Structures are given as structure tokens and as C-alpha cells.
Amino acid sequence: NAGVTQTPKFQVLKTGQSMTLQCAQDMNHNSMYWYRQDPGMGLRLIYYSASEGTTDKGEVPNGYNVSRLNKREFSLRLESAAPSQTSVYFCASSEVEAHYGYTFGSGTRLTVV
Amino acid sequence: QKEVEQNSGPLSVPEGAIASLNCTYSDRGSQSFFWYRQYSGKSPELIMSIYSNGDKEDGRFTAQLNKASQYVSLLIRDSQPSDSATYLCAVNTNAGKSTFGDGTTLTVKP
């Protein structure tokens, strides 16, 4: 009964490097989301996928891309990492477009040096 | 104006007291309202959801919604040290995603 699984948990990148954050859920949820959280701030939406086959930009999409690989998996890619992308990244899923709230993964702490 | 605003905090209450956390939102079309608890270094956890005006109680937690005033609150009765965390208010519109406030950090002192 894993819920939402994110990998990796920690990552250090050099400026300009690329990486993909992985997220998978086993709750048969339709909607999946990527948020970032910076110190003293709430969660800001990067991208979301209301259902399999669709993706949409959120509040802070610049510098990121996403792929909804199938119903279970939703990945976030940083093509050329920048220090401003240092943050904690959370993946979340929801049964029906967030109407019943989110289940969050444990997060990825990313540092870009 | 931010879409979702919470008391800046931090909030400190003695053990056994009532903690009151407040949230206001700007979009009158908002339909679903949530409170999440986030312990330091952990991910947010959904603790309350509310969809219609009035009160909703779950154990020691009560969520209150007033759509006319665009106001949501969370009351924690008989506060315990284990309630010490950051509480995030989240609001949904028709767009199928949540907008979060910056959070209020609660400390319950023994």
C-alpha cells in the first residue's frame, strides 16, 4: 500500500545538468500534480495532468517539462538546471481533479550548485 | 492580493488549549476547501476537507467555512504537542487543482 512514490529522495546537480524526477501512484487516481515548496512558502504548482493523456501548465512551469507516461506515472524533467530550481519537489495525486484533496509523495530535495 | 492567505504566524498555544487557524481566499467560484498538516521535513497530509457552509467536525478538529465572507478556519481542540506542525490551507476552483496558502506554523507547548 505505497500510495505515491517519488524518486530520488535527494539530488545534487550542477548548473546546466538535466534530470528527471519520477512519480508513481498505485491508487488508480486520475489526476497527478507536481509542486515545488521553497522555505517559508506554500506549495506552487508546476504542472498537472487532469487525466491520462493530458498535461497543463501551472503557476511556475518555466524550466520544466512533464510526461504522463500512463495512468500511474507522471515525471518531471529539468532540462538545464539552475540554482533557482533548488527546492523540495512534491508529486501528488487525486481521484477526481483534486475534488477530494491530494495524496502527496514523500518529496525530492533538489540542490542545484 | 494572494489567492489564498493565511495568518502569518507562528502561533503558539499551551497544551490543552484551542488553536485557531484562519484562511481567506479571493476566488468566489471556489468549491472545495482543505486543510493539510505538514511536519518539519515531511510531506503534507490531508486532515480536513469541507465543501459547504458551516462546521465539519472530525475528532479534535473542526473546519469552518463561510463562502459569503470567503473565509475558512480550522480549530484544534485540546491541542497536543504532537499537533505542532505547519498547517496549509488549500482551495480548489473549477480548474481541478488546488492553490495553497503559505502555511501557519503551530507550536503547542507542554
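Please refer to the structure higher up on the page.
Everything quoted here is computed from the prediction, not taken from an experiment. (Residues numbered from 1 in each chain as written. Chains lettered and ligands numbered in written order. Predicted model: local features only at pLDDT ≥ 70, side-chain atom pairs only at ≥ 80, totals over all residues. Heavy atoms only, no water.)

Participant: Which residues make up the layout of surface pockets, and what values do they have?
Facilitator: One number sums up the size of the largest pocket: a volume of about 740 Å³. Lining the largest pocket are 34 residues, with Gln37 and Arg109 of chain A together with Gln38, Gly41 and Lys42 of chain B sitting closest to its centre. The greatest single-element share of the lining of the largest pocket, amounting to four residues, is contributed by strand S11 (residues 108–112) of chain A. For the second largest pocket, the calculated volume is near 320 Å³. Within the residue set of the lining of the second largest pocket, elements represented by two or more residues are strand S5 (43–49) of chain A together with strand S10 (98–100) of chain B. Considered class by class, the residues forming the lining of the second largest pocket number seven nonpolar, five polar and six charged. (1 Å grid on protein atoms, 1.4 Å probe; cavity = no way out; pocket = protein on both sides within 12 Å on 5 of 7 lines; lining within 4 Å. Points joined across faces, edges and corners; volume = space filled by probe spheres on them. Helix = DSSP H or I, 4+ residues; strand = E, 2+ residues; numbered from the N terminus. Nonpolar A, V, L, I, M, F, W, Y, C, P; charged D, E, K, R; others polar.)

Participant: I'd like a description of the sheet that holds strand S7 (residues 64–68) of chain A, backed by residues and values.
Facilitator: What links the strands of a sheet is backbone hydrogen bonding, and the strands pair in either a parallel or an antiparallel sense. Residues and elements named next belong to chain A. As summarised here, the arrangement of the four strands in space is S1-S3-S8-S7, forming an open sheet in which the pairing is antiparallel. Unpaired on one side and paired on the other, strand S1 (4–7) and S7 mark the two borders of the sheet. Going from strand to strand, the sheet's axes swing by 15° on average, the running direction of each strand aside. In this structure, S1 lies alongside strand S3 (residues 19–25), joined through four bridges in antiparallel fashion. Looking across to S3, one finds that valine 4 is bridged to glutamine 25. (Pairing = 2+ DSSP bridges. Axes fitted to C-alpha atoms, helices over the stretch in contact; angles between N-to-C directions.)

Participant: Mind laying out the interface of chain A and chain B, listing which residues take part and the relevant values?
Facilitator: In this complex, chain A contributes 20 residues to the contact, which on the side of chain B involves 19 residues. Overall, the association of chain A and chain B removes approximately 1500 Å² of surface from exposure, summing both partners, and the carbon and sulfur fraction of that is 53%. At the surface where chain A touches chain B, the tally comes to zero salt bridges. Seen at the junction of chain A and chain B, the total is nine residue pairs in polar contact (both at pLDDT 80 or more). Taken together, the elements giving at least two residues each to the side of chain A that touches chain B come down to strand S4 (31–37) and S5 of chain A. Each residue belonging to the side of chain A that touches chain B can be placed in one class, and the counts come to eleven nonpolar, seven polar and two charged. (Contact = heavy atoms within 4.5 Å. Buried area = accessible area lost by both parts, 1.4 Å probe. Salt bridge = Lys/Arg side-chain N within 4 Å of Asp/Glu carboxyl O. Polar contact = N/O pair within 3.5 Å; in protein donor to acceptor, adjacent residues only side chain to side chain.)

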